[in-house]
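A look at the structure
In case you want the letters, here they are:
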Amino acid sequence: MRARQFFISTLKEAPADAEIPSQVFMTRAGLVKKLAAGVYSLMPMGLRTVTKIEKIIREEMNAAGAIELSLPIVQPAELWQESGHWAKYGPELLRFKDRHERDFVIQPTSEEVITEVARSEITSWRQLPVNLYQIRTKFRDERRPRFGVMRAREFVMKDAYSFDRSAEDAAVSYDKMYQAYRNIFTRFGLTFRAVRADTGAIGGSRSHEFQVIADIGEDVIAYCPDSDYAANIELAEAASVLDGRKSATQELVKNATPGKEKCEDVAPFLGIDLLKCVKSIVLASDKFDEKGAPLPAQIVLLLLRADHDLNEVKAGKLPELKEGFRFATEAEIAEHFNGANPGSLGPIGIRDDVVVYADKTVADMSDFCCGANETGFHYTGANFGRDLPEPQVADLRNVVEGDVSPDGKGTLRLQRGIEVGHVFYLGTKYSEAMNATYLDENGKPQFLEMGCYGIGVTRVAGAAIEQCHDDKGIIWPDAIAPFEVVICPMNYAKSETVREAAQKLHDELAALGVDVILDDRDVRTGSMFADWELIGVPHRIVVGDRGLKTGEVEYACRRNLDAKEMLPVADAAKIIADRIVR
């Protein structure tokens, strides 16, 4: 490939709305071009990277026994109504009517359509297992699209769906996909972690996220350096940090705390340790009667130690909150907590219809401080069993660095990651809702067991840049770089010797299967280097008259541009081809 035959469009300045490195460099390097909020054109340079990502995905999915198909982007509303997601999905689901006033959606995912395919095509146990996948454009109407392709509305995604006879067989399919994903992300050349995760709105039980490690990552990963344990902080188990509950040694005392509403203010005012304070969080779950009329909300009081943060995913798994929850209003708080303001709440003397849960650490506390349910007052010396009933106990908090690893093999560390892949075991969630069955060996209908496996293809490109960049631009891993090698000739237009040597080297590399581009543009050397450093091609060869006089060319790796070396021109192609990691 010659640069003049290609489309290179770099920018010196980042767009004003660019917030993170991937957004800056993808735009400046000419990989993408913004069309509307969250909607981008993939330019030729960016498409080359996306195509290489897709190629690796296809190879590993095919090797794992999955079969590619292509499902419609436009889907009839009836399928979504049948699954129950028409009402549940929310405003991210882009809905529209055709000329006949029939409802349709633009697919954000394809569980409904693939289940319809399965129920019409899979009739016998002899056809199972089956794993079908596609790489297609998706659309989610994000309320606030941002960070370029990292949180776009339109994006490219690989989604796969397995169908099995039993939960045991489905577990085998899940494990195959889990290993295929490990192979895929290893081949991308990225540092990643496979972590236990919450299944979220998509449903199911078993779930793992594949997180690319990056400082800008929105997710926090808890992992143990001494074992294989890793989980999204939403799911990471948090044990009590105390070694059991000690006996009460203090009397319950009601203290005036005027104007002190936060534990961080109450503790020094009362002269006590912050770690002896319990904070109260009041949640509400809205209830409705059979006709949809609102009923009084269920109020739930959660107790956490002052230094710990609520994990809302864990809270959402409590029986009273699993249908959804919100933070209680001030009016609801006043009604259920004796008119106290939110800064003076506690578990002593509350209404019987308030459900109380204590985090595991709180359940082990004694002689603690909490709100007195009277504005401007707090109790000290509070003890379960003596001053208030024993609470229901649950894991409610986020883990913190230094917590004991749930596998007992060390302590936890935290790091940020970008979710680029997710695997779910769905079970019969969709097959039951949509009556997708097969006939077993006895001729009896059974619901299909399903798994769901997704990779954000364009998101992988953005995540790779977040992990691999410097102040000059992108540093692509070899396997997904738009080009593996760039040849930069000096005085290309003036020196026939340079032109011939550069072309010969290009042809030798191409013959060895290297994805190489020869920059034959009439641009200054500094601009040429700056362009390719911005684009991030991992291997650079400089061909010049001075080096050719001694039979050499200059080689530099994008990861360490200062470590230049001279290679014999006769052997350069073979040496560089051997260094490329695919």
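Residues numbered from 1 in each chain as written. Predicted model: local features only at pLDDT ≥ 70, side-chain atom pairs only at ≥ 80, totals over all residues. Heavy atoms only, no water.

Glancing now at the sheet that holds strand β31 (residues 560-568). Strand order in the open sheet formed by five strands is β28-β27-β29-β30-β31, and the pairing between neighbours is mixed. Here the strands that pair on one side only, and so sit at the sheet edges, are β28 (516-518) and β31. If you compare each strand with its neighbour and ignore which way they point, the axes differ by 25 degrees on average. Inspection of the sheet shows strand β27 (residues 485-489) paired to strand β29 (residues 539-543) by five bridges, in the parallel sense. Bridged to Pro489 within β29 is Val543. Where helix α14 (residues 525-535) meets the sheet, it contacts β27, β28, β29 and β31, and its direction lies at approximately 175 degrees from that of β27. The strands touched by helix α16 (residues 572-579) within the sheet are β27, β29, β30 (552-557) and β31, with β31 carrying the most contacts at an inclination of about 140 degrees. (Pairing = 2+ DSSP bridges. Helix = DSSP H or I, 4+ residues; strand = E, 2+ residues; numbered from the N terminus. Axes fitted to C-alpha atoms, helices over the stretch in contact; angles between N-to-C directions. Contact = heavy atoms within 4.5 Å.)

Structurally, Asp520 can be placed in the loop between β28 and α14. At 2.9 Å, the side chain of Asp520 forms a polar contact with the backbone nitrogen of Arg4. When sequence neighbours within four positions are dropped, the list of residues in contact with Asp520 reads Arg2, Ala3, Arg4 and Tyr492. (Polar contact = N/O pair within 3.5 Å; in protein donor to acceptor, adjacent residues only side chain to side chain.)

A word on the nonpolar core. Residues Ile57, Tyr181, Phe185, Phe188, Trp476 and Trp532 are the most contacted members of the largest nonpolar core, which totals 70 residues. For this core, the element with the most residues is helix α6 (residues 167-188), which contributes eight residues. Dropping the residues within four chain positions of it, Phe185 is found in contact with Leu190, Phe192, Phe210, Val420, Gly421, Ile455 and Val460. (Core = buried A, V, L, I, M, F, W, Y, C linked by side-chain atoms within 4.5 Å. Buried < 20%, exposed > 50% of the residue type's maximum accessible area, 1.4 Å probe, protein only.)

Turning our eyes to something else, we now look at the sheet that holds strand β6 (residues 103-106). Read across the open sheet, the three strands follow the order β4-β6-β5; overall the sheet is antiparallel. Either end of the sheet is taken by a strand with one partner, and the two such strands are β4 (74-76) and β5 (94-97). Each neighbouring strand pair of the sheet contributes to a mean axis angle of 35 degrees, computed without reference to strand direction. The pairing of β5 with β6 spans four bridges and is classified as antiparallel. Considered in β6, the bridge of Lys97 is made with Asp103.

A complete count under the given rule lists 12 aromatic pairs for this structure. Ring centres of Tyr178 and Phe210 lie 5.6 Å apart, and the angle between their planes is 50 degrees; on these two criteria the pair is classed as tilted. Of this pair, Tyr178 sits in helix α6 while Phe210 sits in strand β10 (residues 207-213), and the two are 32 residues apart along the sequence. With relative accessibility at 22%, the residue Tyr178 sits in the partly exposed group. With 6.3 Å between their ring centres and 35 degrees between their planes, Phe192 and Phe210 make a pair best called tilted. Of this pair, Phe192 sits in strand β9 (residues 192-196) while Phe210 sits in strand β10, placing them 18 residues apart in sequence. Taken individually, Phe192 and Phe210 each receive the classification buried, so the pair is uniform in this respect. Aromatic ring contacts, followed pair by pair, group Tyr178, Tyr181, Phe185, Phe188, Phe192 and Phe210 into a single cluster. Directly above the ring of Phe377 sits Lys254, whose terminal nitrogen or CZ lies 5.3 Å from the centroid. (Phe/Tyr/Trp six-rings, centres within 6.5 Å; stacked < 30°, edge-to-face > 60°. Lys NZ or Arg CZ within 6 Å of the ring centre and 35° of its normal.)

This paragraph deals with the pairing of β27. The buried fraction of β27 amounts to five of the five residues, a majority that puts the element mostly inside the structure. Burial along β27 is two-sided: Val485, Ile487 and Pro489 and Val486 and Cys488, pointing in opposite directions, are all buried. Sheet topology places β27 next to β28; three bridges connect them, and they run parallel. Looking at the pairing, Ile487 lines up with Leu518 of β28. Once the chain exits β27 it traverses helix α13 (residues 496-511) before rejoining the sheet at β28, and the crossover so formed is right-handed. (Right-handed = clockwise from strand over helix to strand, strands pointing away.)

Now for the packing of α13 against α16. Between α13 and α16, whose axes approach to 9 Å, the crossing angle comes to 40 degrees. Taken together, the axes of α13 and α16 are oblique relative to one another. Note on packing geometry: the crossing formed by α13 with α16 is right-handed. On α16, the residues that touch Leu505, Glu508 and Leu509 of α13 are Ala572, Ala573 and Ile576. Of the residues that constitute the contact of α13 with α16, the class distribution is five nonpolar, no polar and one charged. (Parallel < 35°, antiparallel > 145°, perpendicular 65-115°, else oblique. Left-handed = near helix turned anticlockwise from the far one by under 90°. Nonpolar A, V, L, I, M, F, W, Y, C, P; charged D, E, K, R; others polar.)

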